[in-house]
Protein chains: 2
Amino acid sequence: MSAASTRVPQQERSRATQARLLEATVDCLIEHGWSGTTTTVVAARAGVSRGAQLHHYPTKAALVTAAVAHLAERRADELRTEAEALPAGPQRLDRVIDLLAAAFTGPLFVAALELWVAARTDRELRDALMPLEAMVGREMHRLTVSLLGVDERRPGVREAVQATLDLLRGLGVANLLSDDSARRTALLVTWKRQLATLLTP
Amino acid sequence: MSAASTRVPQQERSRATQARLLEATVDCLIEHGWSGTTTTVVAARAGVSRGAQLHHYPTKAALVTAAVAHLAERRADELRTEAEALPAGPQRLDRVIDLLAAAFTGPLFVAALELWVAARTDRELRDALMPLEAMVGREMHRLTVSLLGVDERRPGVREAVQATLDLLRGLGVANLLSDDSARRTALLVTWKRQLATLLTP
């Protein structure tokens, strides 16, 4: 075999190993929280040797940050795909808010919140996470604007989108310990009406 | 000395010991987070013996739950006092929202969020915290209604107050890792206007 043909499978194996580590990290964060997530537990869960794990992600901060970035990207793709199936017209706003509310009560939100809170008192994690937080925040805003099909240059639109995302973040936290879906659904019925008014030219 | 006269100072000493333990717990949660808060560290910080600490709060879950309940009560009292100094009239709503926004970015919010997130994966803490979470949520809602001086029986008022508190919770989380005050202030200017419309009969 030539050097080129052995390199490709090796790159593929590396990518597969990384993907397994990142999925195992997110599962671990969701199941055991930040303090129960150790690189040893993640490597075992992923079926990856300690050596390979350390090679790809040398620290816990590097591993969890990469895992949340990976999941954020996957979730954004899923949201885009789900949104393609949505109807145009006035119903679209309702359905977009439902998709976003599902994202803010789903596994990515829970895993990210574990990191955000831990990063407050962990300098290494904080340094790794700050650029990611800023990027995910911007991406989420851009995605929402695009899913809603609104024009941010119109006055009030930017603020309405921001308030929606902050509200959904708050609702995500309210859902952490108990199922808050009945209250959330009722509250979002009202919010959707307000938002439609705010976004209508 | 009679039994009655020795009992009173002893009760006072107990209350003072408890207060010192609860304040030290909150400080510890803010400074070191959930995983860095141990009953040993708290006892040392409060200048209380391990024996006395275990006598008053036998478990970490009991200690941190009592600490957050204690702080929530103190913050509610402070909010009521601060609100008494507020003007009546249209400016009042603005100032009430500012007070609440300060509460949702202050030490109680940070300490409570540490517990809420840890409780998701810690059954003992969760069982201790659930009744407190429900009570604090109800109290915060009631306090907001009373500070705003609105009538919840009017349609839409209850939902508007709920959305305000969920929005503020989301803004509190957005402020965890970096100072988000400029964005928050701008967003709340818009929110106050909307809220005034929603609450005006």
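Just so it is clear, the structure is predicted and the values come from calculations on it, not from any experiment.

What about the interface of chain B and chain A?
Many authors give the size of an interface as the accessible area that is lost as the parts come together.
In step 1: Taken together, the contact between chain B and chain A spans 37 residues of the former and 37 residues of the latter.
In step 2: Taken together, both faces of the contact between chain B and chain A bury some 3,200 Å²; the carbon and sulfur share is 63%.
In step 3: Connecting chain B to chain A are four salt bridges.
In step 4: The salt bridge partner of Asp166(B) is Arg183(A), with a shortest N-O separation of 2.8 Å.
In step 5: The tally of links between chain B and chain A comes to 14 residue pairs in polar contact (both at pLDDT 80 or more).
In step 6: Residue assignment for the side of chain B that touches chain A shows that the elements contributing at least two residues are α1 (3–32), α6 (107–120), α7 (123–148), α8 (157–174) and α9 (181–199) of chain B.
In step 7: Per element, the largest residue contribution to the side of chain B that touches chain A is ten residues, and it comes from α8(B).
In step 8: Classifying every residue of the side of chain B that touches chain A gives 19 nonpolar, nine polar and nine charged.

Considerations on α7(B)
All names here are of chain B.
In step 1: Its 26 residues place the ends of α7 37 Å apart at the C-alpha level, agreeing with the 38 Å of an ideal helix rising 1.5 Å per residue.
In step 2: Its maximal kink placed at Leu129, α7 deviates by approximately 40°, while the proline Pro131 follows within four residues.
In step 3: In this structure, the buried side of α7 is in contact with α4 (60–84), α5 (91–103), α6, α8 and α9.
In step 4: Between a side-chain oxygen at the N-terminus of α7 and the backbone nitrogen of Glu124 the separation is 3.2 Å; the capping residue is Asp122.
In step 5: In the segment just after α7, Gly149 is the residue with positive phi, at about 65°.

Quick look at the side chain of Gln162(B)
In step 1: Along the polypeptide, Gln162(B) turns up in helix α8.
In step 2: Owing to a relative accessible area of 11%, Gln162(B) belongs among the buried residues under this scheme.
In step 3: Setting aside residues no more than four positions away along its own chain, Gln162(B) makes contact with Arg183(A), Leu187(A) and His141(B).

Here we look at the environment of Asp151(B)
All names here are of chain B.
In step 1: Its location among the elements puts Asp151 in the loop between α7 and α8.
In step 2: For Asp151, a relative accessible area of 32% gives the class partly exposed.
In step 3: Counting along the chain gives 37 residues from Asp151 to Leu188, while the straight-line C-alpha distance between them is 22 Å.
In step 4: A polar side-chain atom of Asp151 sits 2.9 Å from the main-chain amide nitrogen of Arg153.

Quick notes on the relation of the copies chain B and chain A
In step 1: Its rotation angle being 180°, the transformation that places chain B on chain A also includes 0.0 Å of axial translation and leaves an RMSD of 0.0 Å. Taken together, these values place the two copies in the relation of a two-fold axis.
In step 2: A symmetric contact is evident, with 100% of the interface residues of chain B recurring at the interface of chain A.

A closer look at α9(B)
In step 1: Given a rise of 1.5 Å per residue, 19 residues ought to cover 27 Å, and the 25 Å separating the end C-alpha atoms of α9(B) matches this to within 8%.
In step 2: Listed as buried for α9(B) are Arg184(B), Leu187(B), Leu188(B), Thr190(B), Trp191(B), Lys192(B), Gln194(B), Leu195(B) and Leu199(B).
In step 3: Buried-residue contacts for α9(B) involve α8 (157–174) and α9 (181–199) of chain A together with α5, α7 and α8 of chain B.

Points about the pattern of salt bridges
In step 1: In total, this model carries 28 salt bridges over all chains according to the counting rule given.
In step 2: Between Arg158(A) and Glu152(A) there is a salt bridge whose closest N-O contact spans 3.7 Å.
In step 3: Salt-bridge contacts for Arg183(B) lead to Asp180(B); the nearest nitrogen and oxygen are separated by 3.0 Å.
In step 4: For Asp180(B), a relative accessible area of 12% corresponds to the buried category.
In step 5: What emerges from the salt-bridge pattern is a single network uniting Glu23(A), Arg74(A), Arg75(A) and Glu78(A).

Some thoughts on the packing of α8(B) against α9(B)
All names here are of chain B.
In step 1: Direction vectors running N to C along α8 and α9 enclose 175°, while the axes themselves pass 11 Å from each other. In terms of axis orientation, α8 runs roughly antiparallel to α9. From α8, Val157, Ala160, Ala163, Thr164, Leu167, Leu168, Leu171 and Ala174 reach across to α9, where they touch Arg183, Arg184, Leu187, Leu188, Trp191, Leu195, Leu198 and Leu199.
In step 2: Split by residue class, the contact of α8 with α9 holds 13 nonpolar, one polar and two charged.

The rules behind these values
Residues numbered from 1 in each chain as written. Chains lettered and ligands numbered in written order. Predicted model: local features only at pLDDT ≥ 70, side-chain atom pairs only at ≥ 80, totals over all residues. Heavy atoms only, no water. Contact = heavy atoms within 4.5 Å. Buried area = accessible area lost by both parts, 1.4 Å probe. Salt bridge = Lys/Arg side-chain N within 4 Å of Asp/Glu carboxyl O. Polar contact = N/O pair within 3.5 Å; in protein donor to acceptor, adjacent residues only side chain to side chain. Helix = DSSP H or I, 4+ residues; strand = E, 2+ residues; numbered from the N terminus. Nonpolar A, V, L, I, M, F, W, Y, C, P; charged D, E, K, R; others polar. Expected span 1.5 Å × (residues − 1). Bend = angle between axes of the 7 residues up to and from the residue. Buried < 20%, exposed > 50% of the residue type's maximum accessible area, 1.4 Å probe, protein only. Least-squares fit on C-alpha atoms with pLDDT ≥ 70 in both. Axes fitted to C-alpha atoms, helices over the stretch in contact; angles between N-to-C directions. Parallel < 35°, antiparallel > 145°, perpendicular 65-115°, else oblique.

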